[in-house]
Amino acid sequence: QVQLVESGGGLVQAGGSLRLSCAASGRAFNNYAMGWFRQAPGKEREFVATISGSGENIYYADSVKGRFTISRDNSKNTLFLRMNSLKPEDTAVYYCAARPGHYTYSIRISEYAYWGQGTQVTVSS
């Protein structure tokens, strides 16, 4: 069982930056691949970024590539998402999620068993 708690969301102007955190409880955090997903009002939840349990393998959605950076600190059971050059279209509730995977990751929502409650990110124009 893994419990996830996101933090770090807020209101920021376009072009600004935020860093989201996701604190995980439970053992063997490094055996879980982690993902960030987001859901804007009236839209389906979509993939943002994913990282393997080891931290060696990373993949981004095209919409955030070059602007967002996913990372993890396995010694502190924490996942991060650094978001730079934010745009109004990045406005959404951001969720972290976990699935088993030391060297693998996934972009598929259906493959993640554990989810946080979400944190709101609002980017004003």
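Rules of the game
- Residues numbered from 1 in each chain as written.
- Predicted model: local features only at pLDDT ≥ 70, side-chain atom pairs only at ≥ 80, totals over all residues.
- Heavy atoms only, no water.
- Phe/Tyr/Trp six-rings, centres within 6.5 Å; stacked < 30°, edge-to-face > 60°.
- Helix = DSSP H or I, 4+ residues; strand = E, 2+ residues; numbered from the N terminus.
- Buried < 20%, exposed > 50% of the residue type's maximum accessible area, 1.4 Å probe, protein only.
- Polar contact = N/O pair within 3.5 Å; in protein donor to acceptor, adjacent residues only side chain to side chain.
- Disulfide = S-S within 2.5 Å.

**Student:** Quick question: what am I supposed to make of the packing of aromatic side chains here?
**Tutor:** For any pair of aromatic rings, the description consists of the separation of the ring centres together with the inter-plane angle of the planes. Applying the stated criterion to the full structure yields 8 aromatic pairs. Centre to centre, the rings of Phe37 and Trp115 are 5.1 Å apart; their planes meet at 50°, and the pair counts as tilted. Here Trp115 lies in strand S10 (residues 114-115) and Phe37 lies in strand S4 (residues 32-39), a separation of 78 residues in the sequence. Trp115 gets classed as partly exposed once you look at its relative accessible area, which sits at 26%. Every member of this aromatic cluster is reached through a ring pair, and the members are Phe37, Phe47, Tyr59, Tyr95, Tyr105, Tyr112 and Trp115.

**Student:** Hey, could you run me through the environment of Ser17 in this one?
**Tutor:** Mapping Ser17 onto the fold places it in the loop between strand S2 (10-13) and strand S3 (18-25). For the pair Ser17 and Val123, spaced 106 residues apart in sequence, the C-alpha separation works out to 9.6 Å. Engagement of the side chain of Ser17 in a polar contact is seen with the side chain of Asn84, the distance being 2.9 Å.

**Student:** Help me understand the state of the cysteines in this model?
**Tutor:** Each disulfide consists of a covalent bond between the sulfur atoms of two cysteine residues. Counted under the stated rule, the structure contains 1 disulfide. Across the disulfide, Cys22 is cross-linked to Cys96 (sulfur-sulfur distance 2.0 Å). Since a negative S-S torsion denotes a left-handed disulfide, the Cys22-Cys96 link at about 60° is right-handed. Placement of the pair is Cys22 in strand S3 and Cys96 in strand S9 (residues 92-100), with a sequence separation of 74 residues. When sorted by exposure, Cys22 lands in the same class as Cys96, which is buried.

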